[in-house]
Amino acid sequence: MGILQDPEAFQAVLRAVSRYKTTYVVLYSDDLGVSIESVEDPILLSLRVGVPAGTPAADLAQKYRLLRRVDFPSTPTALRQIVTDVLARKIDAALLWAPLAGLLAMELDPSHRLSMMPLAAPTPPPASFASSDSSAVSETVARCRDEVQGTLEAYGVVPAEVLAPPNPVEELPASPEPPPENIEEARQGWDVYQTHCERCHGPDAISGGLAPDLRDRVRRLTYAEFFQIVLQGRVEKGMPAWRGLLKPDDVRLVYQYIRARSTERLGPGRPS
Ligand code: HEC
């Protein structure tokens, strides 16, 4: 697609990847034969980690005492080189701003040999991408942005904003009582469910095997518990925290949908 050859398009696309604005990842090759679970993982200390000099990634490398770091200039060509070098095992890993990692992986890693471990502490984007100019983006930029976001999701990168420690005050539903049944809200909840929950909890809220069958859970959990689990997640068990992505209204809608599935007031498939 040649985005790397066109500095303006490159900047525009990266600036548009707003979901991952404050996320950084450690990117490494599966050939390394290890799985890095967190930035505190001692294995990281022994790795040669490429970082773009003069960016927050370099500060993070310092903060986490990655002593064997290898500095690269932060020009598009050098950034591309970092990922090429990880794939060629010239270096073991790289610490990169997530939108950048997503774009580069999209271009350079078609056979998905790389893994990405997201850092949970939100960190500002590199200075050249800091301006939050969210003015209308062209169709090409929007398409490319969506591809970058899709790539990051495919690598299992959860935005740092979402991994950040929850603020309990925001977690409570407006009322601790479950909302009265409302089939229209349940239909709207299908959208939320299908977009965010289905890939793990299965189509039609019937467990796909990766995660529990939620129809039974809505009967057993209180409404406040449901709310809290959804917003706070159980990140260590593979249930993402949806805080920052879902608003309390969305959580209510998805609850309505799952409950309507559990009482069979809604059948399987897209509600008519
Ligand atoms: C990436 C996979 C994934 C996605 C996406 C996901 N979940 Fe989960 N969820 C899990 C896993 C795994 C568990 C079981 C966690 C555990 O063992 O405690 C879980 C547990 C839960 C529970 C608690 C069930 C219990 O046993 O108490 C609720 C409620 C829940 N998820 C709701 C949701 C909702 C609503 C969405 C969509 C907004 C969602 N999940 C999206 C993986 C996922």
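Heads up: the structure comes first, above all this text.
This one's a predicted model, so the numbers in the text were calculated from it and none came from an experiment.

A.B. asks: Explain the nonpolar core to me, please; I cannot follow it from the model alone.
C.D. replies: Side chains of a nonpolar character, in soluble globular proteins, are inclined to be buried together. Among the nonpolar cores identified, the biggest contains 53 residues, and Val26, Leu27, Leu95, Leu96, Met116 and Leu119 are the most heavily contacted of them. Counting residues per element, this core draws most heavily on helix 4 (residues 98-108), at seven residues. Here Leu96 is in contact with Tyr24, Val25, Leu27, Pro52, Ile82, Val83, Ala101 and Leu104, once residues within four sequence places are set aside. Residues Ala186, Trp190, Leu214 and Leu246 belong to the second largest nonpolar core, which totals 23 residues.

A.B. asks: Looking at this structure, I do not really get the side chain of Glu185. What am I missing?
C.D. replies: Among the secondary structure elements, Glu185 is positioned in helix 8 (residues 183-201). With relative accessibility at 16%, the residue Glu185 sits in the buried group. Of note is the side chain of Glu185, whose polar atom sits 2.9 Å from the side chain of Arg252. Non-local contacts of Glu185, meaning those with residues more than four positions away in its chain, are made with Arg252, Leu253 and Gln256.

A.B. asks: Please explain the coordination of the iron atom of the ligand as it appears in this structure.
C.D. replies: Six octahedral donors around a metal ideally subtend angles of 90 or 180 degrees, whereas four tetrahedral donors ideally subtend 109.5 degrees. With distances of 2.0 to 2.1 Å, the protein atoms coordinating the iron atom of the ligand are His201 (NE2) and Met239 (SD). What the six donor atoms of the iron atom of the ligand show is an angle range of 86 to 179 degrees at the metal, which sorts the shape as octahedral. With a gap of 38 residues between them, His201 in helix 8 and Met239 in the loop between helix 10 (223-232) and helix 11 (248-262) connect regions that are remote in the sequence. Each member of the pair, His201 as well as Met239, carries the same accessibility label: buried.

Thresholds, definitions, all that
Residues numbered from 1 in each chain as written. Predicted model: local features only at pLDDT ≥ 70, side-chain atom pairs only at ≥ 80, totals over all residues. Heavy atoms only, no water. Core = buried A, V, L, I, M, F, W, Y, C linked by side-chain atoms within 4.5 Å. Buried < 20%, exposed > 50% of the residue type's maximum accessible area, 1.4 Å probe, protein only. Helix = DSSP H or I, 4+ residues; strand = E, 2+ residues; numbered from the N terminus. Contact = heavy atoms within 4.5 Å. Polar contact = N/O pair within 3.5 Å; in protein donor to acceptor, adjacent residues only side chain to side chain. Donors = N, O, S within 2.8 Å, 3.2 Å for Na, K, Ca; no water. Tetrahedral: all angles 85-135°; square planar, octahedral: opposite > 155°, others 65-115°.

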